[in-house]
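Below, each chain spelled out in residue letters.
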Amino acid sequence: MKVPLLDVNAQNIPLEEELTAAFSRVLRSGRFIMGPEVEEFEKEVADFVGARHGIGVSSGTDAILLALMALDIGPGDEVLCPTFTFFATAGCISRLGATPVFVDACPVCFNIDVEDAARKMTERTKAIIPVHLFGQSAEMDEIMILAKEHGCHVVEDGAQAIGARYRGIGCGSMGDFGTFSFFPSKNLGGFGDGGMVVCNDEDLAERARMLRMHGSKPKYFHREVGGNFRLDPLQAALLRVKMEHYDRYSRARQANAAYYLERLSALEGVESASPTHCCCAEAQEEALGAARIILPVCYEHNEHIWNQFTLRVRGSGERDLLRAHLTEREIGSEVYYPLTMDQQQCFAGLPASSREGNEVAHQLAGEVLSIPVYPELGREMQDYVVTAISDFLEKEPPMRE
Ligand SMILES: *Cc1c(COP(=O)(O)O)cnc(C)c1O
């Protein structure tokens, strides 16, 4: 049996008629830049996540860049971000001439370690970017308190978490800005690149809208230097079709994750991460005992949308062995992410204070393995994945010293 990590066709082909109708609508409108399709989609996304304003943009990366530009982040500023994240989070900080300061990860939820963030705050810290990694919210109450204490901004990188909730509140709606991506592998996957910025403040929304169009207002009169960060109406029209089905996709991912958790936790050598030890690596390691594979958890106060279902495979080289074992059985998997930001070559020139610490994240980078959890994954496929993992645990020797 073949089990891909993601099957975009399984989701999109059944929508072919609706998508074709949306394409025709845009074709016949003759309007290919901005306009009603983009505006409607902006409203739909903002409503969905519980924010006042939505600003459609060209990608999840440009969403972060635009949010930071609207907050005047630039040279001399420090911006805290998790070291265990996709590159875009850190890259945008750097592109604006600011200094990214990398913060360690929680071994339970993989998100930013807020205590480490507090340690790394300086008087130059201008913003913090929590990332809701793999579809689960970061600890937003603590982050908002920390930011308030230091008078710095919060940009939520929600690229993997559109529709996820923290204590009932939509991810992206809590910080100064929230950013989303419609890259095909994200939960609301588009047909190419696309993204969205959301915010609640009228003035910030206005500024972001202006910067999205070269900083011009009115047209050809440039108050400041922006860029071309627009979302295409065609992309917006197609995404509106998928938006109508989005709740169903999220529920299917949640059901798949629950099924994995039930089946995998029954295997010898597999343990669930202990949610009571959030961000305490030592207590967590102790609680896990001799477990070889650690299952992800969803905190009780969160609604997780499972962009990824990410295992920790303990023991030197074990993760790569499991991955090879799965590949042999035609099961897709991926390492998100093999290198932390502080380990990237392009950041080697940053001051040591930007890169120090981060031991938990380094360990995670060596242990994580994401397995298929996409909505259209069938139970037989999941059973096949579970059997493959079970075989691995039986056949491969236990952890070497
Ligand atoms: C995908 C992703 C981005 C970037 O989104 P693009 O649309 O690919 O530019 C940013 N941050 C995180 C955490 C992501 O997963």
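Relevant structure appears above.
Cut-off values and rules
Sequence order as written defines the numbering, with residues in each chain counted from 1. Thresholds applied to this predicted model are a pLDDT of at least 70 for local features of residues and 80 or more for the giving and counting of side-chain atom pairs; totals over whole chains, interfaces and linings are not thresholded and use all residues. For side-chain calculations, the full set of non-hydrogen atoms in the structure is used, while hydrogens and water are omitted. For helices the rule is a DSSP run of H or I covering at least 4 residues; for strands it is a run of E covering at least 2, with both sets numbered from the N terminus onward. Residues adjacent in sequence count toward polar contacts only when both atoms are side-chain atoms; beyond that, a polar contact is any pair of N or O atoms within 3.5 Å, and within protein one must be able to donate a hydrogen and the other to accept it. We call two residues in contact whenever any of their non-hydrogen atoms come within 4.5 Å of each other. One heavy atom within 4 Å of a molecule or strand is enough for the residue carrying it to be called near that molecule or strand. Using the Shrake-Rupley algorithm and a 1.4 Å probe, accessible areas are obtained, with residue cover drawn only from the displayed protein chains. By this definition, two strands are paired if DSSP reports at least two bridges between them. To define axes, lines are fitted to C-alpha atoms, for helices over the stretch in contact only, and angles between the resulting N-to-C directions are given on a 0 to 180 degree scale.

1. Concerning the side chain of Ser 181
Alright, step 1. Take Ser 181: it is sitting in strand S8 (residues 177-181).
Alright, step 2. Within polar-contact distance, the side chain of Ser 181 engages the backbone nitrogen of Phe 183 at 3.1 Å.
Alright, step 3. Apart from the residues lying within four places of it in its own chain, the contact partners of Ser 181 are Gly 60, Ala 159, Lys 186, Leu 188, Gly 194 and Gly 195.

2. Describing the site of the ligand
Alright, step 1. The ligand sits among 15 residues. The nearest are Thr 61, Asp 157, Gln 160, Ser 181 and Lys 186.
Alright, step 2. Here an oxygen atom of the ligand and a backbone polar atom of Gly 60 are 2.8 Å apart.
Alright, step 3. With the chains in place, 93% of the 380 Å² that the ligand exposes on its own is no longer accessible.
Alright, step 4. Broken down by secondary-structure element, the contributors of at least two residues to the shell around the ligand are helix H4 (60-70) and helix H5 (87-95).
Alright, step 5. For the shell around the ligand, the leading source of residues is H4, giving three residues.

3. Let's talk about the sheet that holds strand S11 (residues 293-295)
Alright, step 1. On the basis of which strands lie adjacent, the open sheet formed by four strands has the order S10-S11-S13-S14 and mixed pairing. With partners counted over all chains shown, the strands left at the sheet margins are strand S10 (270-272) and strand S14 (368-371), one partner each. Between one strand axis and the next, the sheet turns through 30 degrees on average, direction left out of account.
Alright, step 2. Relative to S14, strand S13 (residues 309-313) runs antiparallel, the two being bridged by four bridges. Bridging across to S14, Leu 311 finds its partner in Leu 369.

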